[in-house]
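Examining the three-dimensional arrangement
Given next are the chains, with one letter for each unit.
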Amino acid sequence: ASVVKELMENALDASATCVSVVLEKAGRSLIRVTDDGSGISADDADRLFLRHATSKIEDIEDIGEAGMFGFRGEALYSIAAVADVVVRTKTADAAEGISIHVRAGQRIDRRSVGMNRGTEVEVRELFFNTPARRRFLKTDATELARVMDVFLPYVLLHPERRFSLAHNGRPLLEFLPESDPV
């Protein structure tokens with residue numbers, strides 16, 4: 001649930017109008033969050049997995065920006081230390097996207113990819129290298145309920161955006177944008 005929360009906040013901070021969350025085994029095997037937001041530049045993508053990295057601050061005024069959930073990228077370092085992570089991202093002005101693969105904090109691959117504007121973060125084998133932490137995870141039903149507890153407040157806060165949640169290949173929730181929320 002914490003990983004989903006961080007990745008959804010990153011998507012919303014990137015002005016995504018569509019956020020998709022896909023889980024397998026309640027996130028133990030796979031968490032994939034895809035958005036149509038601003039994407040991350042190739043230069044920033046190279047720094048995504050550095051400790052204390054962020055792509056949200058471009059000038060000094062951005063530090064006090066109240067509309068942000070956090071620093072896009074700050075959690076990726078921690079997530080990538082305990083999982084197998086692939087980030088694919090493309091900005092609107094880039095000719096192609098960038099894919100970076102990190103496993104247990106070590107970069108495995110970096111390549112160009114064809115994709116639309118936005119970002120996709122795929123987290124596999126969460127806590128594979130920290131079995132003590134993995135044992136703290138509850139049943140799939142409990143972990144899925146925790147993800148839904150994280151997911152639904154963002155839907156309510158942003159009715160103008162599209163959200164979807166799927167689990168084990170089955171769509172669970174889909175919320176279409178509401179142009180005139182009451």
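It should be noted that the structure appears before, not after, this text.
Residues numbered from 1 in each chain as written. Predicted model: local features only at pLDDT ≥ 70, side-chain atom pairs only at ≥ 80, totals over all residues. Heavy atoms only, no water.

Attention now moves to helix α5 (residues 140-157). Spanning 18 residues, α5 covers 26 Å between terminal C-alpha atoms, matching the ideal 26 Å at 1.5 Å per step. What α5 keeps buried is the set Glu143, Leu144, Val147, Val150, Phe151, Tyr154 and Val155. Along the axis of α5, the buried positions cluster into a sector of 140 degrees, meaning they face one direction only. Every exposed residue of α5 that faces more than 90 degrees away from the buried side is listed here: Ala141, Asp149, Leu156 and Leu157. Check the buried side of α5 and you find it contacts α1 (2-13), β1 (18-24), β7 (162-167) and β8 (170-175). (Helix = DSSP H or I, 4+ residues; strand = E, 2+ residues; numbered from the N terminus. Expected span 1.5 Å × (residues − 1). Buried < 20%, exposed > 50% of the residue type's maximum accessible area, 1.4 Å probe, protein only. Arc of directions from axis to C-beta. Contact = heavy atoms within 4.5 Å.)

A side chain with one charge may pair with a side chain of the opposite charge, provided their charged atoms come close. Scanning the model with the defined rule gives 15 salt bridges in all. Between Glu174 and Arg162 there is a salt bridge whose closest N-O contact spans 2.1 Å. In this pair, Glu174 is assigned in strand β8 and Arg162 in strand β7, connecting sequence segments twelve residues apart. The exposure class assigned to Glu174 is partly exposed, which follows from its relative accessible area of 47%. Residue Arg162 is classed as partly exposed on the basis of its relative accessible area, which comes to 32%. Here the salt bridges share partners, and the residues they tie into one network are Arg32, Arg88, Glu120, Glu122 and Arg124. (Salt bridge = Lys/Arg side-chain N within 4 Å of Asp/Glu carboxyl O.)

In short, the description is geometric, and any link to function would need to be established separately.
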